[in-house]
Every structure is written in C-alpha cells, then in structure tokens.
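Tertiary structure, described
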Amino acid sequence: MTETTDVAVVGAGVVGIAVARASARAGRETVLFERNDRIGAETSSRNSEVIHAGVYYRPTSLKARLCVLGKALLYDYLERRGVPHRRCGKYVVAAHADEIPKLQAIKDNAVACGVDDLKLVDGDEARAAEPALACAAALTSPSSGVVDSHALMTSLLGDFDEAGGVLALRAPVDGGALRDDGARLRIGGADPYTVRARVIVNAAGLWADGVARALEGLDPASAPRVRPAVGRYFSYSGPAPFSRLVYPLPAAGGLGVHYTIDLAGAARFGPDIAWDAALGDYRVDPALRDAFAAAVRRYWPDVDADRLQPAYAGQRAKLGGPDVETDFMIARAPGYIGLYGIESPGLTASLAIAEAVAQML
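Our subject in this report is the structure included herewith.

Ranked by internal contacts, the top residues of the largest apolar core, which has 41 residues, are Leu152, Val201, Leu339 and Ile353. In terms of residue count, the dominant contributor to this core is helix α1 (residues 14-25) (8 residues). With sequence-adjacent residues up to four places away left out, Val201 is seen in contact with Val7, Ala8, Val9, Val10, Val19, Ile337, Leu339, Val357 and Leu361. In terms of nonpolar packing, the next biggest core, distinct from the first, is built from 29 residues, Val246, Phe269, Phe292 and Ala305 among them.

Take a look at the structure:
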C-alpha cells in the first residue's frame, strides 16, 4: 500500500511537532511519523524543561539566532495558549572571585547574541535574593524560565490536528529513497506501508543520522554522525532552596550540574554528562549521588546528600565531543530537509526552527 502527502515529518518530539504544525498551518498536507507509541518519548520529555535566554552560544551560530528568536516566539505562544510555564529567572554563578571574569565574558557574548537584559551582581546582592546561595558573583538572566514540555507538545499537536495534519504512532522508518519524481518512505511496524511525499523532513533527533542513512539517493556524507550523550538528573526530597534557576559556569560539553525547579515547586539537579551512551539507555546509577552532591555544594553548601534521589535521564543528540563546539545543522537536498544536532536549546528554539523549515518548504 502506498500513501501520498505533501510533507512527511519524521520524529514527534517538540521540534518535529512544531515543524509539522507550521507545515500544516501553511496549507500543506502533512503527516508526522513517530517510532514510539506516544509523542515526545525521548529527548523532549527527558530534559530540564528550561526556557533558555541564549547567552552561551557563538553569536553567528544557528543556536544563538534561533534560541533568541525562539524564546520570544515561545513565551508569546505559552501566554496566548495558557500553557503552564514560569519566567522565574536564572543566576549563573562564579564560586570564587577568580571566576568573575568568566561571568563578564558570558555577559559580553550574550550581548553579541542579542540578549540585553543580563546584569552582573556581587555575592552580597545575589545572597540577598537567594540566602542559601554561595557565590562570589552572579549573572542574572530574568528572561530564563521553565515550561511544562508535555503540555507544550500537546498544545502544538492540537494545532497540527486542527490544521488537518495526521499523526502516525508506532511508525518507524525502515528505509526510503529520494527520486526525481518525489521522495519515498518505507514505514515499518505491525502493518508496513510506503509513503510518497514531496519533501521528507528528518526531525528524528537521536535517530536522525540513522534515518538519513536509510534513504537511497541521499549523500551519506551530508548526514553527520549523531553521538548520544547521556545526562542524569537527581530530585531533592527537601524544600526547594532557590526561587530561580541556578547554573554553575559551563563545563566541557554542557552547562554543568544545575538547579531547576518544576512547576509544582520540586527541586532537581542535573544533568551531568557521559559520552557515547547506548541509545535508549536511561538508567540513573544511585552511586552517582555523591558526585552530584559535590557539584551542588559549589553553590549550595548546605545540600543534604541523603535527600538526593535518582530521578530520570535523557540523551542529547551531540555532533561532537567534549572539546568541540557544535551548532544546529539544517541540511537540504532535493526532496529532503535534515535537522541534526538539535540538542539544547532545541526546546526553546522549536518554534523558530519550525519557521526556518517552513520557509524552506
């Protein structure tokens, strides 16, 4: 059996849903394919749920541009649709005085990215706002926040459905081809079938390179290798110590073990980072607790390690290693758009990524 559609989007994480929504709302017949039995089953539901301001990225990068634009689009959408979120703000902290120049460098970089609301405060001012905090100085980011990622995806999916889009769950891509007369996807599962589309959009995240390699006629060199990196999170059973997000200075390959608070007021810490994880391995070893406690003590000396409990893990679709700064990658070929390396700040940038892809379509 062969189905036909204008646009076939692979991957129903937050970026894939946003892309499919934008395509359907532009009047294109769009089908969204997801290998799992629910939306957002992987990276989109296994992260910090942070709305990033856009301070860390190279100013000329897609991450910087799409994060800053995406943040504005996302807050506007959340407020109009009543999706649960909180613009709680964030502190990036210098534990010692010799780290303060690094905060200034982050602030300067943020300004170059178009983020103009950051303020550098001394330790006394930071502790006046957050008495449990230990730091020599802090960089305040008032436009950072948190969002209920599942509620966001459900809302976007509702828009997609209203625009006539079709969601296919338990629909893994087994292969396909790019031809002069259009693209093909072979969909596996219980009842395999073929889909003919004008354009395939590969938003498969951790699996994006595998989907690309399965398409005949696509240059294998155009699809970078995705290198999964696992990040573990611990919850905290005591009262939340801070009212805003707290981040240490960035570490190799990530932003360090930071503090976030969910919309119910519960505290959690993470993620750490471990490279070259097996896809789908979401275990959290309780033995990591002491390492987490040591990382947290740099900005919260009074953390009680016994109150830290394994929570969950997520995987990031990295395109490089710890010492390689990588960017989002949007690749184009006839009948194909590939989204690679859409890790953090992908959630924040999702609507901006969708706009960019919609213009390509």
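Here helix α3 (residues 100-113) is 14 residues long and its end C-alpha atoms lie 20 Å apart, about the 20 Å a rise of 1.5 Å per residue gives. Looking at the buried residues of α3, the elements they touch are α2 (62-81), β5 (90-94), β6 (119-122) and β7 (137-141). Looking one or two residues past α3, Gly114 carries a phi angle of roughly 100°, positive in sign.

Counted according to the given criterion, the structure contains 21 salt bridges. Residue Arg213 is joined to Asp209 by a salt bridge in which the shortest nitrogen-to-oxygen separation is 3.5 Å. Of this pair, Arg213 and Asp209 both sit in helix α6 (residues 208-213), 4 residues apart, roughly one helical turn. A relative accessible area of 7% means that Asp209 is categorised as buried. Of the charged contacts, one joins Asp306 and Arg289 as a salt bridge, the two residues approaching to 3.4 Å between their closest N and O atoms. Of the two residues, Asp306 is situated in the loop between α7 (289-296) and β19 (308-318) and Arg289 in helix α7; the sequence distance between them amounts to 17 residues. Residues joined by salt bridges that share partners form a network here, namely Arg21, Arg81 and Asp159.

Bringing the pairing of β7 into the picture now. Most of β7 sits out of view: 5 of its 5 residues are buried. Where burial is concerned, the two faces of β7 agree: the one with Ala137, Leu139 and Ser141 and the one with Ala138 and Thr140 are both buried. Where β5 lies against β7, 5 bridges are found, and the strand directions are antiparallel. Each bridged residue has a counterpart across the sheet, and for Tyr91 the counterpart in β7 is Thr140. Relative to β7, β6 runs antiparallel, the two sharing 4 bridges. Looking across to β7, one finds that Asp122 is bridged to Ala137.

It is at 7 Å that the axes of α2 and helix α8 (residues 346-360) come closest, and there the two elements cross at 100°. Between α2 and α8, the interaxial angle falls into the category roughly perpendicular. Every residue of α8 that contacts α2 at Leu66, Cys67, Leu69, Gly70, Lys71, Leu73, Leu74 and Tyr77 is listed here: Leu347, Thr348, Ala349, Leu351, Ala352, Ile353 and Glu355. When the residues that make up the contact of α2 with α8 are grouped by side-chain class, the tally is 11 nonpolar, 2 polar and 2 charged.

Strand pairing in a sheet is mediated by backbone hydrogen bonds. Such pairs are either parallel or antiparallel. Pairing within the open sheet is antiparallel, and its 3 strands lie in the order β3-β8-β4. The sheet is open, and its two edges are formed by β3 (50-51) and β4 (85-86), each paired on a single side. As defined by bridge partners, β4 adjoins strand β8 (residues 145-147) across 2 bridges and the pair is classed as antiparallel. When the bridges of β8 are listed, Arg86 appears paired with Val146.

Attention now moves to α2. Helix length check: α2 (20 residues) gives 27 Å between terminal C-alpha atoms against 28 Å at 1.5 Å per residue, within 8%. Those residues of α2 that fall on the buried side of the exposure criterion are Lys63, Ala64, Leu66, Cys67, Val68, Gly70, Lys71, Leu74, Tyr75, Tyr77 and Leu78. Directly beyond the C-terminal end of α2, a positive phi value near 70° is found at Gly82.

Another point: the side chain of Thr5. By secondary structure assignment, the location of Thr5 is in strand β1 (residues 2-10). At 2.9 Å, the side chain of Thr5 forms a polar contact with the backbone oxygen of Glu29. For Thr5, the residues in contact, after removing those within four places along its chain, are Glu29, Thr30, Val31, Val195, Arg196, Ala197 and Arg198.

Between Gly270 and the following residue, Pro271, the backbone shows a cis peptide bond with an omega angle of -5°. Of note, Pro271 is situated in the loop between β17 (267-270) and β18 (274-275). Omega for the peptide link from Ser344 to Pro345 comes to 10°, which places this bond in the cis form. Along the chain, Pro345 turns up in the loop between β21 (336-340) and α8. Notably, Glu49 is not glycine yet its phi reads approximately 60°, a positive angle. Mapping Glu49 onto the fold places it in the loop between β2 (30-33) and β3. The phi dihedral of Asp276 falls on the positive side, at around 55°, and the residue is not glycine. Here Asp276 lies in the loop between β18 and α7.

Our next topic: the packing of aromatic side chains. Across all of its chains, the model carries 9 aromatic pairs by this definition. Ring centres of Tyr233 and Tyr312 lie 4.5 Å apart, and the angle between their planes is 15°; on these two criteria the pair is classed as stacked. Pair noted here: Tyr233 is in strand β14 (residues 227-236) and Tyr312 is in strand β19, with a separation of 79 residues, a long-range link. Both residues of the pair, Tyr233 and Tyr312, count as buried. Between Phe269 and Trp300, the aromatic rings sit 6.1 Å apart at their centres with planes inclined by 20°, giving stacked as the arrangement. Of the two residues, Phe269 is situated in strand β17 and Trp300 in the loop between α7 and β19; the sequence distance between them amounts to 31 residues. Take Phe269 and Trp300: they sit in the same class, and that class is buried. Aromatic rings pair up to connect Tyr236, Phe242, Tyr259, Phe269 and Trp300 into one cluster. Positioned above the aromatic ring of Tyr282 is the side chain of Arg46, whose terminal nitrogen or guanidinium carbon lies 4.0 Å from the ring centre.

How each quantity is defined
Residues numbered from 1 in each chain as written. Predicted model: local features only at pLDDT ≥ 70, side-chain atom pairs only at ≥ 80, totals over all residues. Heavy atoms only, no water. Core = buried A, V, L, I, M, F, W, Y, C linked by side-chain atoms within 4.5 Å. Buried < 20%, exposed > 50% of the residue type's maximum accessible area, 1.4 Å probe, protein only. Helix = DSSP H or I, 4+ residues; strand = E, 2+ residues; numbered from the N terminus. Contact = heavy atoms within 4.5 Å. Expected span 1.5 Å × (residues − 1). Salt bridge = Lys/Arg side-chain N within 4 Å of Asp/Glu carboxyl O. Pairing = 2+ DSSP bridges. Axes fitted to C-alpha atoms, helices over the stretch in contact; angles between N-to-C directions. Parallel < 35°, antiparallel > 145°, perpendicular 65-115°, else oblique. Nonpolar A, V, L, I, M, F, W, Y, C, P; charged D, E, K, R; others polar. Polar contact = N/O pair within 3.5 Å; in protein donor to acceptor, adjacent residues only side chain to side chain. Phe/Tyr/Trp six-rings, centres within 6.5 Å; stacked < 30°, edge-to-face > 60°. Lys NZ or Arg CZ within 6 Å of the ring centre and 35° of its normal.

All quantities given are derived from atomic positions and should not be read as evidence of function.
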